[in-house]
Amino acid sequence: MSYRLLLGLIFLFLAQNSIAQNINEYFEDQASPSVQKLYLHTDREFYFLNDTLWFAAYLLNGNNNYPVQENCNLYLELISDDGQIVVHEIFPMQHGFGQGFLFFNQSLVREGNFTLRAYNNVISNYDEDFYFHKKIKISASKNQIEVQTQKDKKSEKRNLNIEFFPEGGFLLSAYVNKVAFQITGLENDNLEASGEVLDDTGLVVATFSSVYKGMGKLYFIPQSNSEYHVKLNGYVKKTWKMPLARTQGAKISATLVTKDYVNIGIVHSDSLLDNYYLVIMNRGFGLFSVNINAGMLNKTITLNREYLGEGINRVVLLNKDLEPVSERLVYMENDGTVNLDLIVKSDTLQTREEVFLKIDGKKHFKKDEDAVLSLVVVNNNALNSKGITQNIKTYLLIDSELKGSVGDPADYFRDDSIKSLEKLDLLMLINGWSNYIWNQHSNANIKTDNLEFGLNFKGTIFNNSGRRTLSDAEVLMGFNNNDVSQLHFTNTNEKGKFKFENIFFTDTALVFFQGLNKKGQPWTSLEIEPVTNPSPLNQDELRNLKNYEDIPMSLYRLNYFNELALRDYYPDRNSRILDEIKV
């Protein structure tokens, strides 16, 4: 071997090591800390006043979806469509699991659309998008005439709008560009629309039609010296501008071939010849990288599922300085879904008959493995017209990964007139990389430990006049309920502050505090801080409540007849019995 060839191989080896080191440093810089995800499995989405909502709660590590083993409090809120927190409850969670219920007392809860919001004290340090949200509807019992009158009063119309989402983040002139779009504000959100793309001379350069929930995609070749606008058929009085095309750049193009393969290409201007790096990240972790030199820019890279993570993947094109120039989200279907066999011994069941169920998971679980399951049995009428709209799979893989609200996420996994693969790809294009929550989640000011379990009581001790705080004052706290009575003692710090941590009791309790000055006398005054301080619901979540799914007429009818039967069986159900008054 000649010295020249040996020297070339050494330089090549050093260059490859340098690239790998740089990419590893990029992955470390982009890595997100462990986050927690909370999912609530509820028995229904539609309720009536004086109904009870039952739930099972799952607290998971967001990086791997394994249960969080520490015990903690679950804070559960019912928030009305005007942003008022109507109900705020606290439930215990142990080893990542919990359960409970909410009773919709008609003296406290009115009918309307509500958000069920859940979190713990660690999740409360994150953005609102990390909280669990679920929309529910609560109604009074109504007959058919009352329901029809209510529907006639609806509903507010939203402004018609269309947004464009060029694949890779921008349009590149003189090349074929894939552009996703979403039309909102139609009188019926499921009503599809079509339109045309015109250049500045009025020439039609592309036509398009939405295919799913007002979403779709179009292809066209923009020119750098032209501006483009869009017209929707049936809405001729309004036009929308397309983004301007760049003359130079490189960007990602992705095509899902099957659920197991994705083709990645690099669209680039001829005058731009440079080295790039293609990297793939999933839930804050770097999975794969490849050096893209000038000779590979016109070639397709086929990646199978082993190079991508479960769910949403962030595909990034970096320049030689490891600066992102184009990004794209790609969804890779989960191949590890566990299907359990549920066997009922009898095909016909009588009212209040004991039911025997057999759950068979031998195909997926070993003998020494345990599984925590929650099962709900409801009347078919209790489901909305779209069936079950959310489950733990859709929440962990879609809802909790994207900012904002994803309407009917379970429908993205169903094949109908539109394949699930196409629905999910549209969702990735419409949301774009900037809506991927792991991009916004950094190590700054995020607490990931110190889970609260039980109640923390904080306060301040003052002298009798309330003008001066008392340091090293003794504080007594006691509580009493049907189960237990306890006393706790502590002392204030130099600022007169005190704290009782992880006080645990169930149901309702009488809690009292007493402060003693240094002479042991109770001539003090106290100020107790709120046990919890809920934050308001953001405007996007409130906006999504305005046009929530209607309760099916069949469910109104079922509830109405059930109420009539209950009145016959229990005529005093909604009455209060007063104690005898002796005069």
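Residues numbered from 1 in each chain as written. Predicted model: local features only at pLDDT ≥ 70, side-chain atom pairs only at ≥ 80, totals over all residues. Heavy atoms only, no water.

With that out of the way, let us pick up the sheet that holds strand β23 (residues 311-318). Two strands in a sheet stick together by hydrogen bonds in their backbones, pointing the same way (parallel) or opposite ways (antiparallel). Spatial strand order, β21-β20-β23-β24: four strands in an open sheet with antiparallel pairing. In the strand order of this sheet, the two ends are held by β21 (285-292) and β24 (324-332), each with one partner. Pairs of neighbouring strands in the sheet enclose a mean axial angle of 20 degrees, with direction left out of account. In terms of strand pairing, strand β20 (residues 276-282) meets β23 through five bridges, oriented antiparallel. Following the sheet pairing, leucine 278 is matched in β23 by leucine 317. Each of β23 and β24 touches helix α4 (residues 420-431); the most contacted strand, β24, lies at about 150 degrees to it. (Pairing = 2+ DSSP bridges. Helix = DSSP H or I, 4+ residues; strand = E, 2+ residues; numbered from the N terminus. Axes fitted to C-alpha atoms, helices over the stretch in contact; angles between N-to-C directions. Contact = heavy atoms within 4.5 Å.)

So, about unusual backbone geometry. Positive phi, normally seen in glycine, also occurs at asparagine 65, with a value near 60 degrees. Mapped onto the elements of the fold, asparagine 65 is located in the loop between β3 (52-61) and β4 (72-80). A positive phi angle, near 55 degrees, is found at lysine 213, a position not held by glycine. Relative to the elements of secondary structure, lysine 213 occurs in the loop between β13 (204-209) and β14 (215-220).

Side chains of Val338, Leu340, Leu342, Val344, Leu349, Val355, Leu357, Ile359, Phe365, Leu373, Leu375 and Val377 sit close together on the surface and give an oily, nonpolar patch of about 1000 Å² of accessible area. Looking at the nonpolar patch, the elements that each hand over two or more residues are β25 (341-344) and β26 (357-360). Its place among the elements puts valine 355 in the loop between β25 and β26. (Patch = residues over 30% accessible without salt bridge, like charges linked within 9 Å, V, L, I, M, F, W, Y side chains within 5 Å. Areas by Shrake-Rupley, 256 points an atom, 1.4 Å probe, with all protein chains shown as cover. Salt bridge = Lys/Arg side-chain N within 4 Å of Asp/Glu carboxyl O.)

Attention shifts here to the side chain of asparagine 61. The topology assignment puts asparagine 61 in strand β3. At a separation of 2.8 Å, a polar atom in the side chain of asparagine 61 contacts the main-chain amide nitrogen of asparagine 63. (Polar contact = N/O pair within 3.5 Å; in protein donor to acceptor, adjacent residues only side chain to side chain.)

With that out of the way, let us pick up the nonpolar core. Side chains of nonpolar character tend, in soluble globular proteins, to be buried together. Ranked by internal contacts, the top residues of the largest apolar core, which has 62 residues, are Leu40, Leu74, Leu78, Ile138, Ile398 and Tyr412. In terms of residue count, the dominant contributor to this core is β3 (seven residues). With sequence-adjacent residues up to four places away left out, tyrosine 412 is seen in contact with Tyr212, Lys213, Met215, Ile398, Val406, Gly407, Ser420, Lys423, Leu424 and Leu427. Formed by 20 residues, the second largest nonpolar core is a distinct cluster that contains Ile252, Leu303, Val330 and Met332. (Core = buried A, V, L, I, M, F, W, Y, C linked by side-chain atoms within 4.5 Å. Buried < 20%, exposed > 50% of the residue type's maximum accessible area, 1.4 Å probe, protein only.)

Of all nine residues in β24, seven are buried, a share of seventy percent or more. Taken together, the eight bridges between β23 and β24 define a ladder with antiparallel strand orientation. Its bridge partner being in β24, leucine 318 is matched across the sheet by proline 324. Where β23 folds back onto β24 in an antiparallel hairpin, the turn is made up of five residues, including leucine 322, whose phi is positive at roughly 60 degrees.

Our next topic: the pattern of salt bridges. Per the counting criterion, the structure on display carries 21 salt bridges. Notably, a salt bridge pairs lysine 423 with aspartate 416, separated by 2.8 Å at the nearest N-O pair. A salt bridge links lysine 499 to glutamate 501, with the nearest nitrogen and oxygen atoms 3.1 Å apart. The class for lysine 499 is partly exposed, based on a relative accessible area of 36%. For glutamate 501, a relative accessible area of 48% gives the class partly exposed. Three or more residues joined by partner-sharing salt bridges are found here, namely Glu167, Lys178, Lys217, Arg328 and Asp425.

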